[in-house]
Amino acid sequence: MESYQARFYDSSGNPPDQVQVQVGSGKINVVGTTFGIPFDELVLQVGGHDGDRFKLVCEKESVAIVSEDRGLLTAIANAAAGTELGKQAAQADHKIVKRGTQKAKYWTVVVTSICALAITGYLLLDPLSAAVATMIDPSFEVKLGEMLARTEKLDKKSDSYKRVARIGNELVSHLDKSPYKFQFFVKKDKEVNACAYPGGILIVNSALIDKATDDEELAGVISHEIGHVIHRHTLKQALHNCGLITCLSIISSGVGGGADTEKLEAAFAVAQKLESLNFSRTQETDADLTGLELEVKAGYRGDGLIEFFRKMEKQESSLGKSATPLFAMLSTHPMSAERAARIEAELKRLKEKHGKN
């Protein structure tokens, strides 16, 4: 005979005993004792937070059996079929099953709704972050970039800096119009990377400068980062990473004062290091094409960026997994075959346009 877990209460006021009960012929027995309660002396009550706890009350003996084991309900419904207790047990069992189904449906709706909201929010982030970016004045963006970049500790004296600044300023001089006053810095870092901060601050790691074979490759990297600044990609991606709530908050309250700068700075810091932002393929293409035109106007060959990435990919392949921390730029700005082909095609068009071989 199957046993079921239950708690046994009596009129003594003492804590209930944990017992096993069995459904016998015409009564419920407490396992290990001679105590049994006839079906006709029991009244079934259903309760509990989810309606899945039931109580078998015997007023004659001033005792009660409380359980959450549906198996006990089923056993009573079968054994006491045709009696009032059997009907109560069958109805209670049906309600529990129905409630369980409703609960499952409820949570399915809740989880589906949350997923739908999350997906919708994610899809809205790009247009929202772009909208917020347009609300931020370039002068305000410059202040934000200066706060985030912490340029006071960066190199502005070495020969590497002079090389970067010379190439950068030469490229910037060929911009038609720009609200930014570009600033170039060198950071002593073993990671091969470069980063464009909001407002025109460009930081090139010393390891990248050492890896660049010539000015053509360095110009390719710097011009690409200038392209990110012109299109405000860093600002947009940082806002994207800050999340939907931050973007909506900025839209609703506007930006402009010192407190707003601090608010954005804190949000950006939490969102992600700007050096490790991943740009979309469209953003990479825009930066490529803008930077490429600057290179050609400035008299560079224009294939420096492709050559630099191909060299890095070859070295990374030979070094294996140990190269991952060194060539961060390969993961944040991957040079796919499609991207390289687009650059080469645009380079050919620009050279024909400007009459260069």
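What counts and how
- Residues numbered from 1 in each chain as written.
- Predicted model: local features only at pLDDT ≥ 70, side-chain atom pairs only at ≥ 80, totals over all residues.
- Heavy atoms only, no water.
- Pairing = 2+ DSSP bridges.
- Helix = DSSP H or I, 4+ residues; strand = E, 2+ residues; numbered from the N terminus.
- Axes fitted to C-alpha atoms, helices over the stretch in contact; angles between N-to-C directions.
- Contact = heavy atoms within 4.5 Å.
- Parallel < 35°, antiparallel > 145°, perpendicular 65-115°, else oblique.
- Left-handed = near helix turned anticlockwise from the far one by under 90°.
- Nonpolar A, V, L, I, M, F, W, Y, C, P; charged D, E, K, R; others polar.
- pLDDT = per-residue confidence, 0-100.
- Phe/Tyr/Trp six-rings, centres within 6.5 Å; stacked < 30°, edge-to-face > 60°.
- Buried < 20%, exposed > 50% of the residue type's maximum accessible area, 1.4 Å probe, protein only.
- Lys NZ or Arg CZ within 6 Å of the ring centre and 35° of its normal.

Tell me what's going on with the sheet that holds strand S1 (residues 3-9), and back it up with residues and numbers.
Strand order in the open sheet made by the 7 strands is S4-S3-S2-S1-S7-S6-S5, with antiparallel pairing throughout. Only two strands of the sheet have a single partner each, and these edge strands are strand S4 (36-38) and strand S5 (43-47). The sheet shows a mean angle of 30° between the axes of neighbouring strands, direction not considered. Of the pairings in the sheet, the one linking S1 to strand S2 (residues 17-23) comprises 6 bridges and is antiparallel in character.

So, the environment of Ala64: which residues are in play, and what are the values?
With respect to the element layout, Ala64 can be found in strand S7 (residues 63-67). For the pair Ala64 and Pro16, spaced 48 residues apart in the sequence, the C-alpha separation amounts to 9.5 Å. Once you skip the residues sitting within four places of it in the chain, Ala64 turns out to touch Arg7, Phe8, Tyr9, Lys55, Leu56 and Val57.

Could you give an account of the packing of helix H10 (residues 281-298) against helix H13 (residues 337-353), with specific residues and numbers?
In contact at an axis separation of 10 Å, H10 and H13 are set at 30° when each is read in the N-to-C sense. If you check the angle between H10 and H13, you find them roughly parallel. Handedness of the H10/H13 crossing: right-handed. Contact residues: Arg281, Glu284, Thr285, Asp288, Leu289, Leu292, Glu293 and Val296 in H10; Glu338, Arg339, Arg342, Ile343, Glu346, Leu347, Leu350 and Lys353 in H13. Here the residues of the contact of H10 with H13 sort into 6 nonpolar, 1 polar and 9 charged.

Please provide a residue-by-residue account of the confidence of the model for the chain, values included.
This prediction gives the chain a mean pLDDT of 80; 75% of its residues lie at or above 70. With pLDDT under 50 throughout, residues 114-124 is counted as low confidence; its partners more than four residues away or in other chains account for 3 contacts.

Can you tell me about the sheet that holds strand S8 (residues 183-187), naming the residues and giving the values?
In spatial order, the strands read S8-S10-S9; together these 3 strands make up an open sheet with mixed pairing. Each end of this open sheet is capped by a strand with a single partner; those strands are S8 and strand S9 (194-197). Looking at each pair of strands side by side, their axes are set apart by 20° on average, direction ignored. One ladder, built from 4 bridges, connects S9 with strand S10 (residues 201-205); its direction is antiparallel. Directly across from Cys195, in S10, lies its bridge partner Ile203.

Explain the packing of aromatic side chains to me, using residue names and the numbers behind them.
Taken as a whole, this structure holds 4 aromatic pairs when the rule is applied. Centre to centre, the rings of Phe8 and Phe35 are 5.7 Å apart; their planes meet at 80°, and the pair counts as edge-to-face. Of this pair, Phe8 sits in strand S1 while Phe35 sits in the loop between strand S3 (27-30) and S4, and the two are 27 residues apart along the sequence. According to the relative accessible area criterion, Phe35 is partly exposed, its value standing at 26%. When the centroid spacing of 6.4 Å and the interplanar angle of 80° are considered together, the rings of Tyr180 and Phe182 count as edge-to-face. Linked through ring pairs, Tyr180, Phe182 and Phe184 together constitute an aromatic cluster. Lying across the ring of Phe309, Arg339 places its NZ or CZ 5.5 Å from the centre.

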